[in-house]
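Descriptive analysis of the structure
One-letter residues, chain by chain:
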Amino acid sequence: MFKVQFMSIHARPRPISHSCTLEKTKYLLKVSADTRNLKLGKVLHGQLIKRSAESIEDVVIQSNSLINHYAKCRQMSLACQLFDRMLERNLVSWSSLMAGYLHSGLSSEVLRLFKTMNLDGTLQPNEYIFTTVISSCSDIRALEEGKQCHCYVLKSGLLSYSYVKNALLYMYSSCSDVQGAFEVFETVSGSDILSYNSMIHGLLEHGYLNKALEVLIKMVSEPVVWDNITYVTVINLCKHLKDLNLGLQIHNRIFRTGLKLDVFICSAIIDMYGKCGKIFSARNVFDGLCNHNVVSWTAIMDAYIQNGCFEEAFNLFIQMERKGVLPNECTYAVILNSCAELSSLRHGDVLNARIKKSGLSDYVIIGNALINMYSKSGDVESGHQVFSDMTYRDIITWNSMISGYSHHGLGREALEVFQNMLAAEEAPNYVTFVGVLSACGHLGLVDKGFYYLNQIMKGTGVTPGVEHYTCIVGLLCRAGLLKEAESFMRSTPVKWDVVAWRTLLNACHIQGNFGLGKKVAETILELDPDDVGTYILLSNMYAKARRWDGVAKIRKLMRGRNIKKEPGVSWIEIRNNIHVFVSEDKKHPHSSQIHEKVSELLSLIKPLGYVPRIDTVLHDVEDEQKEEYLSYHSEKLAVAYGLMIAPIGGPIRVIKNLRMCDDCHCAIKLISMVTNRKIIIRDANRFHCFKNGSCSCGEYW
DNA sequence: CTAGGGTTAG
């Protein structure tokens with residue numbers, strides 16, 4: 001009440017009555033510091049100058065109060081001036097100034113001050129000084145200096161202060177020294193809730209999920225009271241573990257303890273439910289929160305996107321803007337992801353323009369999201385443009401560019417980016433090598449692939465996993481070395497999955513190795529007796545070998561297990577609309593014209609050598625009808641529609657949910673030639689860029 | 001008169 005009265009009466013600088021004692025001034029300076037009220041502090045400062053202090057000690061305390069005030073108000077030059085003019089300083093003078101620098105983002109200045117103070121030698125650092133200095137080390141990731149502080153702390157016996165212990169723990173964890181953090185955590189007695197929060201958060205951040213879970217279990221057995229931050233951290237752990245059960249238990253615990261949900265906790269819960277596939281639970285939490293901020297909006301959008309509801313995410317984006325909440329860099333990254341999933345180049349371009357206008361382009365996550373969006377929308381060149389323009393890059397940037405090029409079959413470009421990455425001294429990781437090895441596959445560079453696997457990967461300390469070995473299988477297959485691929489699989493001690501075996505099976509199909517294919521298919525069906533892809537490939541293989549009895553057998557098997565081929569769906573974005581085509585469906589308003597267009601295109605390419613692959617049609621119908629079924633494949637419909645109404649001359653971009661079939665691949669190659677158009681198709685596996693009668697995949701996919 | 005931990009992206 002006193003504060004309010006004072007501020008309303010003395011809003012502008014003027015002498016304060018003598019009844020305002022020194023004690024009161026000191027108290028008010030603390031208030032002005034804590035409320036960041038620069039003006040009030042300046043008034044008090046003026047007051048103090050006019051008054052002579054009783055003792056040297058009083059002068060020091062007054063100056064400290066002022067330094068603290070200016071430091072809290074981020075007026076570091078004023079704070080520093082006062083500090084420099086002091087004839088005598090105590091530990092509070094130093095620590096107030098240091099804390100100011102730390103919070104103003106000038107941590108290196110804190111370390112410099114600490115050195116100066118130690119050189120002087122008259123003052124021994126106390127727990128306050130260490131807490132601030134160690135926090136500064138965390139801030140600028142100065143592990144070496146942090147370790148030195150640790151030694152110093154051990155000598156001075158100040159580790160018993162929880163502030164110091166937790167600062168050290170946090171320092172090790174932010175400097176990625178999880179071992180060091182764990183040592184502090186376990187060897188120093190007395191863990192409070194902050195120790196647990198920092199420890200779990202640190203382990204989580206560096207991917208030690210099981211270790212984090214262990215600490216959580218230990219924390220549950222201790223009589224510590226959880227706070228809001230504990231809940232945020234633990235919910236995050238559930239998200240990373242994808243452990244919905246644990247998440248539900250934590251959510252329950254919040255209800256039981258009657259904790260007030262803040263926007264931090266809600267955002268974390270929304271995110272956790274979203275990543276665990278519980279979109280309705282996520283929505284409930286979102287709706288129950290009254291003070292939404294940009295983070296909670298972004299979390300709910302992402303939850304929808306994670307669950308394939310892209311349109312709802314776009315709607316939420318519009319709603320958020322209507323409420324006057326400005327999107328930030330994460331919001332754009334999330335929405336760009338949605339564009340990437342849909343291959344919505346047009347929406348992505350519009351967003352990019354808005355990002356440029358709002359000045360968010362320099363965020364690494366924005367650049368990364370744009371590279372991803374452009375690559376997945378079939379415009380890897382624009383992705384590379386973004387990449388080139390980026391001032392700061394991280395591991396995700398490099399990986400996105402490498403795998404972007406790789407998916408487009410541009411192996412040479414992918415490897416070039418990888419070389420530049422090494423030259424830029426960015427350490428490659430697990431994901432990097434998946435892109436690199438698949439690039440070798442596209443180029444058919446068998447020796448180079450093995451060189452990367454055996455030499456470069458070992459050199460960088462990345463342990464190869466099944467994804468890398470699968471790339472090697474693909475590489476051998478592509479080079480026609482099926483036997484070698486098979487023996488590689490049988491001799492490499494790794495848990496091969498269906499994806500790996502299907503790579504080999506697909507090669508058997510493409511290269512007509514019926515015997516091996518049958519064997520491989522058996523292996524896959526032992527792993528997963530319902531693998532649709534295998535049945536389809538197997539049936540296609542029988543058809544290719546003209547073994548109609550085999551085709552019939554497979555169909556019977558599929559019927560018996562009630563396995564249905566997922567319908568092929570393709571879509572194309574024209575202007576602002578997305579047009580969806582499902583194989584054999586005639587629901588599109590222009591259905592008959594589109595079918596006419598397909599027939600027209602097919603009759604144009606037949607003289608050029610197109611022969612309908614009726615042998616691959618699974619239906620029990622006459623040949624003529626089989627040909628008709630082929631012409632109703634969703635990608636043919638989408639391409640035809642694109643040629644009918646998309647802007648003349650530009651590329652046609654189509655997205656398909658499954659892999660392209662042989663027949664469509666063959667037909668669209670020739671269509672690209674007769675229409676003189678670039679046709680880019682993103683299928684479940686990769687991109688096919690058709691131009692002048694050939695495809696970027698080099699006839700192998 | 002001085003000190004610590006959290007949410008949305010890949």
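All values reported here derive from a predicted model rather than from experimental measurement. (Residues numbered from 1 in each chain as written. Chains lettered and ligands numbered in written order. Predicted model: local features only at pLDDT ≥ 70, side-chain atom pairs only at ≥ 80, totals over all residues. Heavy atoms only, no water.)

All right, on to the overall build of chain A then. Of regular secondary structure, chain A possesses 37 helices and 6 strands. A principal-axis box enclosing the C-alpha atoms of chain A has dimensions of 110 × 55 × 50 Å. Within the span of chain A, comprising 701 residues, buried residues form 50% of the whole. Relative to all contacts within chain A whose residues are 6 or more apart in sequence, the contacts with residues 24 or more apart total 63%. (Helix = DSSP H or I, 4+ residues; strand = E, 2+ residues; numbered from the N terminus. Buried < 20%, exposed > 50% of the residue type's maximum accessible area, 1.4 Å probe, protein only. Contact = heavy atoms within 4.5 Å.)

Take the domain arrangement of chain A next. Domain annotation for chain A reports domain 1 (406-560) and domain 2 (581-695). Computed over C-alpha atoms only, the centres of domain 1 and domain 2 are separated by 27 Å. Each side of the interface is counted separately: domain 1 has 14 residues, and domain 2 has 11 residues. For the pair domain 1 and domain 2, the summed buried area comes to about 1,100 Å², and 45% of that belongs to carbon and sulfur atoms. By the criterion of area lost to domain 2, the three top residues of domain 1 are H407, H408 and R555, representing 44% of everything that side buries. At the junction of domain 1 and domain 2, the tally comes to 0 salt bridges. Where domain 1 touches domain 2, the interface holds 2 residue pairs in polar contact (both at pLDDT 80 or more). The set of elements that each furnish at least two residues to the side of domain 1 that touches domain 2 consists of α30 (498-510), α32 (532-544) and α33 (548-560). Here the side of domain 1 that touches domain 2 is composed, by residue class, of 3 nonpolar, 8 polar and 3 charged. (Domains from an automatic or database assignment. Buried area = accessible area lost by both parts, 1.4 Å probe. Salt bridge = Lys/Arg side-chain N within 4 Å of Asp/Glu carboxyl O. Polar contact = N/O pair within 3.5 Å; in protein donor to acceptor, adjacent residues only side chain to side chain. Nonpolar A, V, L, I, M, F, W, Y, C, P; charged D, E, K, R; others polar.)

This part takes up the UniProt feature "repeat: PPR" (unreviewed entry) in chain A. UniProt records the feature "repeat: PPR" (unreviewed entry) for residues 90-124, 192-226, 293-327 and 394-428 in the present numbering. Structurally, residues 293-327 is divided into 74% helix and 0% strand, and its ends, taken at the C-alpha atoms, are 10 Å apart. The span residues 394-428 is 74% helix and 0% strand, and its two end C-alpha atoms sit 10 Å from each other. (UniProt positions renumbered as here; feature names shortened; annotations may be inferred.)

A few words on a negative patch on the surface. A contiguous patch of negative charge on the surface is contributed by E622, D623, E624 and E628. Structurally, E622 is set in the loop between α34 (591-605) and α35 (623-631). Relative accessible area serves as the criterion here: at 62%, E622 is assigned to the exposed category. (Patch = residues over 30% accessible without salt bridge, like charges linked within 9 Å, V, L, I, M, F, W, Y side chains within 5 Å. Areas by Shrake-Rupley, 256 points an atom, 1.4 Å probe, with all protein chains shown as cover. Lys, Arg positive; Asp, Glu negative; His and termini not counted. Charge placed at Lys NZ, Arg CZ, Asp CG, Glu CD.)

We now examine the protein's contact with DNA strand B. Near DNA strand B you find 49 residues, and of these S95, N166, N197, N337 and I365 are the closest. Among the atoms of DNA strand B lying within 4 Å of the protein, the sugar-phosphate backbone contributes 43%. Interatomic distance of 3.2 Å between a side-chain N/O atom of Y163 and a base oxygen of DNA strand B. Contact distances for DNA strand B include 3.3 Å between a base oxygen and a side-chain N or O atom of S267. Class assignment for the residues of the surface near DNA strand B results in 16 nonpolar, 22 polar and 11 charged. (Near = heavy atom within 4 Å.)

Right, let's talk about the nonpolar core for a bit. Core analysis: the biggest nonpolar cluster contains 180 residues, and M98, I134, M219, I235, W496 and L504 have the highest contact counts within it. In this structure M219 touches I193, Y196, I200, V224, W226, T230 and V234, once residues within four positions along its chain are discounted. Among the nonpolar cores identified, the runner-up in size contains 31 residues, and L601, L602, L670 and F690 belong to it. (Core = buried A, V, L, I, M, F, W, Y, C linked by side-chain atoms within 4.5 Å.)

Inspection of the secondary structure assignment puts H251 in helix α15 (residues 244-257). Once you skip the residues sitting within four places of it in the chain, H251 turns out to touch I269, Y273 and V285.

In the predicted model, chain A carries a mean pLDDT of 91, and the fraction of residues at 70 or more is 97%. Note on residues 1-19: pLDDT under 50 across the span, and 16 contacts to partners over four residues away in sequence or across chains. (pLDDT = per-residue confidence, 0-100.)

The next subject is the pairing of strand β1 (residues 569-574). β1 sits mainly inside the fold: 6 of its 6 residues count as buried. Where burial is concerned, the two faces of β1 agree: the one with V569, W571 and E573 and the one with S570, I572 and I574 are both buried. Two elements, β1 and strand β2 (residues 577-582), share 6 bridges in a ladder whose sense is antiparallel. Residue pairing across strands places E573 opposite I578, the latter belonging to β2. The hairpin formed by β1 and β2 contains 2 residues between the paired strands, and R575 there has a positive phi angle of roughly 50°. Across 3 bridges, β1 lies against strand β3 (residues 652-656) in antiparallel orientation. (Pairing = 2+ DSSP bridges.)

What follows deals with the sheet that holds strand β5 (residues 687-691). If you trace the 6 strands from one edge of the open sheet to the other, you get β2-β1-β3-β4-β5-β6, paired in mixed fashion. The strands lining the two open edges of the sheet, one partner per strand, are β2 and β6 (694-695). In this sheet, β6 lies alongside β5 in antiparallel orientation, the contact comprising 2 bridges. Looking at the pairing, K691 lines up with S694 of β6.

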